[in-house]
Amino acid sequence: MRFDTKLVHAGQQADTVTGDVVPPIHVAVSYDRRAQQPPRYFYGRSENPGREALESCLASLEDARYATVFASGQAAGAAALSLLSPGQRIVCGDDVYGGTRALLDIAARYGIGVRHADLTEPAGLRALDAPELGMVWIETPTNPMLKVVDVGEVRRLTRDRGVVVVVDNTFASQVLQQPLRLGADISLYSTTKFVAGHSDVLGGALVYEDGDTRRRLLEHRTATGAVPGALDCFLVHRGLRTLSLRMARQVQSTDAVVELLRASSRVAAVHYPGLPEHPQYPVAKTQMAAPGAIVSFEYRGDPARVLDRVRLFASAVSLGGVRSLIECPALMTHRSVPASVRAALGITDSLIRVSVGIEDPRDLLEDLAAALA
């Protein structure tokens, strides 16, 4: 099956008893072993048919052997970090989600060496020479500065060293970027975002090839209880069916939003991988099918003025949903990042990040233009 067909069919087989074309939501916590020949399901924290159906679909989208889903993107990230041992080191991109920095701070308490580096620059890539390097954590495009990391180059620099390359592919989704094909070992998703797409469910996922990694991740998930509920899995799987359609509309609308921002005298700079002046534009053209539906920009003034004046854009955190969102990272998603770190990364108090939804782009442009005026 091709990609868009997998979105609709993978893990969505008709029920063999009733013929339901939409798989049922399995809410049972325990399973009677006598009804199964041979027994396969025992306890909901370990096994659930709906959860497995979602995992089957997610794995198929990247032609991977395995996917493991979690209660949130943060839970998926914590599970990925559980693959490391005390004394090992992790190199992470410098511009990442604030929650990722919080996870790495916790990892450091357990003896994991943590270093942040700009993996888009030669100087930052030299950090990959660190001894005892166990993992490289890449966000691409990055949050919120929209930098693009060359995944293939990171893989080349760490090849044959047993280093696990994790790519947080949340901003791009499987439609626009396929990390495993670029050389990553694990694709990480907050399925809360573009994958589910409706801002009504939390979820996370890891997609990968290695069987031993699967064993360790399942052990971690079962022991920590970081499992998504039955309804959560259903909602994420339902959202997947329209992922390609939503992304096509959102990317198209984002192009129009970017042009509006570039033309505004109230905007000092626009950060978007689809612009030829973007520092990593050639990399984005090579490894992404399209530049995405997130854009950030520098506003000449108090960002609260824009956030308070928009009517169609919700002034809220998160991203990737059918409704457009707008936020100020320094005040919202990255407020926990020290001001000095934000300043070094270019995350100024006037930076605004926009997640473009599926509304009529003409309405979005009118709303944003009025707020910027």
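What you see is a predicted model; the values in this text were computed from it and never measured.

Colleague: Tell me about the packing of helix H3 (residues 73–81) against helix H4 (residues 98–109), and please be specific about residues and values.
Modeller: A pair of packed helices can be characterised by two numbers: the angle between their axes and the separation between those axes. Direction vectors running N to C along H3 and H4 enclose 35°, while the axes themselves pass 10 Å from each other. The chirality of how H3 crosses H4 is right-handed. Between H3, through Gln74, Gly77, Ala78 and Leu81, and H4, the contact on the second element is made entirely by Gly99, Thr100, Leu103, Leu104 and Ala107. By residue class, the composition of the contact of H3 with H4 is five nonpolar, four polar and no charged.

Colleague: Could you give an account of the sheet that holds strand S9 (residues 294–299), naming the residues involved and the relevant values?
Modeller: With respect to topology, five strands assemble into an open sheet ordered S8-S9-S12-S11-S10, the strand pairing being mixed. The two strands at the open ends of the sheet, each matched to only one other strand, are strand S8 (267–271) and strand S10 (314–315). Two strands pair when backbone bridges link them, and S8 and S9 are joined in this way by four bridges, in the antiparallel orientation. The residue of S9 that forms the bridge with Ala269 is Glu298. Lying on the sheet, helix H11 (residues 243–263) is in contact with S8 and S9; it crosses S9 at an angle near 10°.

Colleague: Can you tell me about the pattern of salt bridges, naming the residues and giving the values?
Modeller: Per the counting criterion, the structure on display carries 16 salt bridges. Across the pair Asp200 and Arg238 runs a salt bridge whose closest N-O atoms are separated by 3.7 Å. With Asp200 in the loop between strand S6 (186–189) and strand S7 (204–208) and Arg238 in helix H10 (residues 230–240), this pair connects stretches of sequence that are 38 residues apart. Given a relative accessible area of 40%, Asp200 falls into the partly exposed group. Among the ionic pairs, Asp212 bridges to Arg215, the shortest N-O distance being 2.7 Å. With Asp212 and Arg215 both in helix H9 (residues 211–224), this residue pair falls three residues apart, about one helical turn. Connected via shared salt-bridge partners are Lys6, Asp63 and Arg181.

Analysis parameters
Residues numbered from 1 in each chain as written. Predicted model: local features only at pLDDT ≥ 70, side-chain atom pairs only at ≥ 80, totals over all residues. Heavy atoms only, no water. Axes fitted to C-alpha atoms, helices over the stretch in contact; angles between N-to-C directions. Helix = DSSP H or I, 4+ residues; strand = E, 2+ residues; numbered from the N terminus. Left-handed = near helix turned anticlockwise from the far one by under 90°. Contact = heavy atoms within 4.5 Å. Nonpolar A, V, L, I, M, F, W, Y, C, P; charged D, E, K, R; others polar. Pairing = 2+ DSSP bridges. Salt bridge = Lys/Arg side-chain N within 4 Å of Asp/Glu carboxyl O. Buried < 20%, exposed > 50% of the residue type's maximum accessible area, 1.4 Å probe, protein only.

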